[in-house]
Amino acid sequence: TWDREPVDPKTLDAFYKELCDKNNIPLISITDEFNALRTAYYPTQQGCCDNHYTTYGNQLIARLLFRHLIQDKLVPFEPLKK
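Residues numbered from 1 in each chain as written. Predicted model: local features only at pLDDT ≥ 70, side-chain atom pairs only at ≥ 80, totals over all residues. Heavy atoms only, no water.

Undergrad: Outline the overall build of the chain, listing residues and values.
TA: Counting its secondary structure elements, the chain contains three helices and zero strands. For the chain, the sequential pattern of α-helices and β-strands runs α-α-α. Radius of gyration (C-alpha) of the chain: 16 Å, far over the 12 Å computed for a compact globule of 82 residues. If one aligns the C-alpha atoms of the chain with their principal axes, the spans along those axes are about 55 × 35 × 20 Å. Across the chain, contacts joining residues at least 24 apart in sequence account for 37% of those joining residues at least 6 apart. With an accessible surface of roughly 7400 Å², the chain has 58% of that area assigned to carbon and sulfur atoms. Counting 10 positive and 11 negative side-chain charges, the chain places the centres of these two groups 11 Å from one another. (Helix = DSSP H or I, 4+ residues; strand = E, 2+ residues; numbered from the N terminus. Rg over C-alpha atoms; globule rule 2.2 N^0.38 Å. Contact = heavy atoms within 4.5 Å. Areas by Shrake-Rupley, 256 points an atom, 1.4 Å probe, with all protein chains shown as cover. Lys, Arg positive; Asp, Glu negative; His and termini not counted. Charge placed at Lys NZ, Arg CZ, Asp CG, Glu CD.)

Undergrad: If you had to explain helix α1 (residues 9-22) to someone new, which residues and values would you point to?
TA: The terminal C-alpha atoms of α1 lie 20 Å apart, and with 14 residues this matches the ideal 20 Å at 1.5 Å per residue to within 8%. At the C-terminal side of α1, N24 shows a positive phi close to 55 degrees. (Expected span 1.5 Å × (residues − 1).)

Undergrad: Requested: an account of the pattern of salt bridges, with residues and values cited.
TA: The final tally for this structure, using the stated rule, is three salt bridges. Of the charged contacts in the structure, one is a salt bridge between K22 and E18, with a shortest N-O distance of 3.2 Å. Here K22 and its partner E18 are both found in helix α1, four residues apart, which amounts to about one turn of the helix. We classify E18 as partly exposed; its relative accessible area is 46%. The closest approach of N and O atoms between E33 and R67, which form a salt bridge, is 2.7 Å. Residue E33 is located in helix α2 (residues 31-37), and its partner R67 is located in helix α3 (residues 55-71); the two are separated by 34 residues in the primary sequence. (Salt bridge = Lys/Arg side-chain N within 4 Å of Asp/Glu carboxyl O. Buried < 20%, exposed > 50% of the residue type's maximum accessible area, 1.4 Å probe, protein only.)

Undergrad: Any details on the side chain of T54? Residues and values, ideally.
TA: Positionally, T54 belongs in the loop between α2 and α3. The contact partners of T54, leaving out residues within four places of it in the chain, are P43, T44, Q45 and Q46.

Undergrad: Which residues make up the nonpolar core, and what values do they have?
TA: Counting five residues, the largest nonpolar core is built from I30, F34, Y41, L60 and L64. Not counting chain neighbours up to four residues away, the residues in contact with Y41 comprise Y56, Q59, L60 and R63. (Core = buried A, V, L, I, M, F, W, Y, C linked by side-chain atoms within 4.5 Å.)

Undergrad: I'd like a description of the packing of aromatic side chains, backed by residues and values.
TA: Here the structure, examined in full by the defined rule, presents two aromatic pairs. Here F15 and Y16 contribute two aromatic rings whose centre-to-centre distance is 5.1 Å and whose plane-to-plane angle is 70 degrees, an arrangement assigned as edge-to-face. Residue classification places F15 among the partly exposed residues on the basis of a relative accessible area of 47%. Ring plane angle 75 degrees and centroid distance 5.8 Å describe the contact between F34 and Y53, whose orientation is recorded as edge-to-face. Placement of F34 in helix α2 and of Y53 in the loop between α2 and α3 is noted, with a sequence separation of 19 residues between them. We classify Y53 as partly exposed; its relative accessible area is 40%. (Phe/Tyr/Trp six-rings, centres within 6.5 Å; stacked < 30°, edge-to-face > 60°.)

Purely geometric numbers; function is a separate question.
Right, dumping it as structure tokens:
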């Protein structure tokens, strides 16, 4: 087992915000959306082993990032017009 303290999410948020600001890149935060939808993708994390994401958790993260990358125009995308 690992003998370490869990990292405070606010500390992680501050770290990533500072990192993105220093490198002039936008920060995409999907925390609230992930938490709102996590029960629909249950189980999103393993019950052991440092709570790594399951296939369902990775799928949820991918869908949320996909949405934000297009919505925030970080990836140029125009839907095909029929």
